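Residue-level structural notes
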Amino acid sequence: MMDRRLFLGAGIAGASALTFSSVWSQNTPNFGAPVLPEVGFRRMKLGAMDIIALNDGVLRRPLGEEFVRNAPLEQVKALLASQNLPTDYVDIPFTAFLVVSGNTKFLIDTGFADNGPPTTGKLRANLAAAGYKPEDINHVIISHYHGDHINGLRAKDGSLVYPNAKVHVPAPEHAYWMDDARMEAAPPAMKGAFQAVRRTIGSLPASQLVVFEPGAELAPGITSSAAFGHTPGMSVFTIRSEGQSFMYVADVVNVPSLFARSPEWAVAFDMDAEMAKQTRRRVFDMLVKEKTVAGGFHFPFPAFGTLETAGNGYQFKPMA
């Protein structure tokens, strides 16, 4: 069973835009605004495909005891200081990925659209800068149902941001969040997360929603894999073309300078911290062994690069 603190963490991550915005922005002015990438998209060639990182913005979060659930704050600050990073706050970026395969375009996760705080909602502008319109997107693939990954499906006025796209979602994730009895039993801090799912995904027409089992091939060259722990049904995606591979790891790790370097630590938003830790080790060990390029939703922009072992953990090396 999730304790109340875990519920609160998950609720903050997946709540409605209003709740998300107000919780995250209460104290941030004391630390100034985060710096957004000058150019918010980055293109990588993968065989015959293009992988395009699309930044949706950055949030600056005061660093408190609650962020890392199983480590003293002094230890967390010491690890940041050892990397010459600020110790009073953390900057959390949000980056979705566009896969262009021939004439077909797959967007993996969606950010906030116009539902989030002022330093988010940049994805559509960066999509345009990369040469595409929302109407060009044929498929949206969702890794999990936390709000920063799904709220970008619909604008604040309820309209679909990607009107021509089928939306692919992991079956266990969909079953968890669409369970009405579970929503009714959830504490108030968690209810916003369930309501956001119903607003963005629950209202999609059946012809537009595609529910897949983790492990399924979603399209030629795009395969899903189970990565449970952060949420009950989170999935990651491997893209392969002409002998080259790229893995989108979603929220297997949040803030690599903390949770890749110390993979035993649990971020406030991990709904099953022990399972999330096991998933992190399994996925990152594979990425290191196979030297696979990885992209993460919360990785520092350009949000893709490689992972290397570093002490008891891993070091993320962004692509130049």
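Since the structure is predicted, the reported quantities are computational estimates derived from the model, not experimental observations.

Conventions and cut-offs
- Residues numbered from 1 in each chain as written.
- Predicted model: local features only at pLDDT ≥ 70, side-chain atom pairs only at ≥ 80, totals over all residues.
- Heavy atoms only, no water.
- Helix = DSSP H or I, 4+ residues; strand = E, 2+ residues; numbered from the N terminus.
- Buried < 20%, exposed > 50% of the residue type's maximum accessible area, 1.4 Å probe, protein only.
- Arc of directions from axis to C-beta.
- Contact = heavy atoms within 4.5 Å.
- Salt bridge = Lys/Arg side-chain N within 4 Å of Asp/Glu carboxyl O.
- Pairing = 2+ DSSP bridges.
- Axes fitted to C-alpha atoms, helices over the stretch in contact; angles between N-to-C directions.
- Polar contact = N/O pair within 3.5 Å; in protein donor to acceptor, adjacent residues only side chain to side chain.
- Phe/Tyr/Trp six-rings, centres within 6.5 Å; stacked < 30°, edge-to-face > 60°.

1. Points about unusual backbone geometry
- The step from Phe301 to Pro302 runs through a cis peptide bond, and the omega angle for that step is 20°.
- Of note in this structure, Asn84 is not a glycine but carries a positive phi near 60°.
- Assignment of secondary structure puts Asn84 in the loop between helix 3 (73-82) and strand 3 (89-101).
- Unusually for a residue other than glycine, Glu242 sits at a positive phi of about 50°.
- Within the fold, Glu242 resides in the loop between strand 10 (235-241) and strand 11 (244-248).
- Residue classification places Glu242 among the exposed residues on the basis of a relative accessible area of 63%.

2. So, helix 3
- Buried within helix 3 are the following residues: Leu73, Val76, Leu79 and Leu80. Each buried residue of helix 3 lies within a common arc of 125° when the element is viewed along its axis, so the set occupies one face. More than 90 degrees from the buried face of helix 3, the exposed residues found are Glu74 and Ser82.
- Buried residues along helix 3 sit against strand 3 and helix 9 (256-259).

3. So, the pattern of salt bridges
- Taken as a whole and assessed by the stated rule, the structure comprises 11 salt bridges.
- Between Glu66 and Arg61 there is a salt bridge, with its nearest N and O atoms 2.8 Å apart.
- Classification of Glu66 by relative accessible area gives partly exposed; the value is 35%.
- Its relative accessible area of 7% is what places Arg61 among the buried residues.
- Here Lys277 ties to Glu274 by a salt bridge, and the two come within 3.3 Å at their closest N and O atoms. Linking Lys277 with Glu274, this pair stays in helix 10 (residues 273-290), spanning three residues, or about one helical turn.

4. Concerning the sheet that holds strand 13 (residues 304-310)
- The seven strands are arranged 8-9-10-11-12-13-14 in an open sheet whose pairing can be described as mixed. Looking along the sheet, the strands with just one partner apiece sit at the ends: strand 8 (217-219) and strand 14 (313-318). For this sheet, the mean inter-axis angle between neighbouring strands, taken without regard to orientation, is 35°.
- By the bridge criterion, two bridges tie strand 8 to strand 9 (residues 222-226) in an arrangement that is antiparallel. Looking at strand 9, one finds that Ala219 is bridged to Ile222.

5. Considerations on the side chain of Arg60
- Relative to the elements of secondary structure, Arg60 occurs in strand 2 (residues 49-62).
- Side-chain polar atoms of Arg60 contact the backbone oxygen of Phe31, separated by 2.7 Å.
- A distance of 2.7 Å separates polar atoms of two side chains, one belonging to Arg60 and the other to Asp91.

6. Section: the pairing of strand 11
- In terms of strand pairing, strand 10 meets strand 11 through five bridges, oriented antiparallel. Each bridged residue has a counterpart across the sheet, and for Thr238 the counterpart in strand 11 is Met247.
- Between strand 10 and the antiparallel strand that follows it, strand 11, lie two residues; Glu242 among them carries a positive phi value of about 50°.
- The pairing of strand 11 with strand 12 (residues 293-295) spans three bridges and is classified as parallel. Residue Phe246 lies in a different strand from strand 12, and its bridge partner there is Val293.

7. A word on the packing of aromatic side chains
- In total, this model carries 15 aromatic pairs according to the counting rule given.
- A centroid spacing of 6.1 Å and a plane angle of 25° characterise the contact between Tyr176 and Phe194, whose relative ring orientation is stacked. Placement of the pair is Tyr176 in helix 6 (residues 171-177) and Phe194 in helix 8 (residues 188-202), with a sequence separation of 18 residues. An identical accessibility class is assigned to Tyr176 and Phe194; each is buried.
- The interplanar angle of 50° and the centroid separation of 4.5 Å between the aromatic rings of Phe299 and Phe316 together place this pair among those described as tilted.

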